[in-house]
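Spelled out from the first residue to the last, the chains are:
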Amino acid sequence: MNSSLSTALISIYSLLTVLTSVFALVRWIKGPGKLISELIERTLSWWAMITVASICLFMNDIVATISLMVLSIFAFCEIISKYELGAEHQKVLRICYISIPIQYALAYFDQYSLFLTFIPVLMFLLLSLRSVASGATQNISRAMGVIHWSLMMTVFSFSHIALLYSHPLKLANQDQKYHLILFLFLATEINDVFQFTWGKLFGKHKICPEISPKKTMEGFIGGVVSTTALSYALNGFIGMTGTQSMILGFLIATTGFFGDITFSAIKRDLNIKDLGNSIPGHGGLLDRVDSLALTAIVFFYAIKFM
């Protein structure tokens, strides 16, 4: 881990220390309350998530790839379990779980052409044929769509982060790749915070009330502007020009929003609040990284072709 990456992580931990101290002081002065208790719970969860991410993503490329693979396994399990597919689809799901390490192996060894076609094309064909071969036709169209869509959103998408470690990029050397990956996670997550904050302060015009009633146009625009500005300020850290950094920030902010509301729409359809409860104050794992499902893909190809 190079010095600038260490400095960035120290800065993040310092910010968390300040926030934790402020929230604890407010609770000590005003007494326990629902909002402050939720903020403290969320902050403690951030401590755990950032610590795990720091160890897993920046120790070495093998550990990072395996960690991202585990993230995909848990995310896929989380979303697919909510559909309560019948026993007739279990063999199809086993094929899906086998495909996850294969996809990440393709990323680790930079088998770019196979990486691009394995899940979108080969798994699409294999899962369709295996579903038909089972002989069960009840809800088969729903099951085939749900299973392949879930693989795309939780495995194909997240595996692009693993591909960042191995795939040659003309704009980034190996050290800069670690900076880019930290930037991707930071910008994606803080964009959610920006959009939530601006929406709370100034939100009046709902942007998609049927899907996510709390999302507002003011929150969306404020998040896009704030994330783009933050990205410009970090252009030296990620080794990009100011214009390139702003483009990346804009893309992360907009695609992160659509990733968020995509999973919100799924939860509305399933009539559930969260996809899990593994992270206190945040719901499930996929609830925390839903925006990343789209930002990871767009970020990778923006850097590759920029």
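Up top is the structure these notes are about.
About the thresholds
Residues numbered from 1 in each chain as written. Predicted model: local features only at pLDDT ≥ 70, side-chain atom pairs only at ≥ 80, totals over all residues. Heavy atoms only, no water. Helix = DSSP H or I, 4+ residues; strand = E, 2+ residues; numbered from the N terminus. Buried < 20%, exposed > 50% of the residue type's maximum accessible area, 1.4 Å probe, protein only. Contact = heavy atoms within 4.5 Å. Phe/Tyr/Trp six-rings, centres within 6.5 Å; stacked < 30°, edge-to-face > 60°. Core = buried A, V, L, I, M, F, W, Y, C linked by side-chain atoms within 4.5 Å.

## Remarks on the side chain of D260
Reasoning step 1: Among the structural elements, D260 can be located in helix α11 (residues 242-270).
Reasoning step 2: By relative accessible area, D260 is classed as buried at 12%.
Reasoning step 3: In contact with D260, not counting residues within four places along its chain, are D192, K215, D290 and S291.

## Here's the deal with the packing of aromatic side chains
Reasoning step 1: On inspection of all chains with the given rule, the structure shows 12 aromatic pairs.
Reasoning step 2: For the pair W149 and F263, a centre-to-centre distance of 5.7 Å together with 50° between the ring planes defines the contact as tilted. Of this pair, W149 sits in helix α6 (residues 140-156) while F263 is found in helix α11, placing the two residues 114 residues apart along the sequence.
Reasoning step 3: Overall, the relative accessible area of 27% leaves W149 in the partly exposed class.
Reasoning step 4: Owing to a relative accessible area of 1%, F263 belongs among the buried residues under this scheme.
Reasoning step 5: On the numbers, 6.1 Å between centres and 40° between planes, the contact of F183 with F299 is tilted. Taken together, the positions of F183 in helix α8 (residues 174-202) and F299 in helix α13 (residues 292-305) put the pair 116 residues apart, joining distant regions of the chain.

## Quick look at the nonpolar core
Reasoning step 1: With 72 residues, the main nonpolar core has L68, F158 and F299 as its most contacted residues.
Reasoning step 2: Residues within four places of F299 in sequence aside, it is in contact with L164, L180, F183, L184, L248 and I252.
Reasoning step 3: Of all hydrophobic cores here, the second largest spans 6 residues; its members include C208, F220, F257 and I261.

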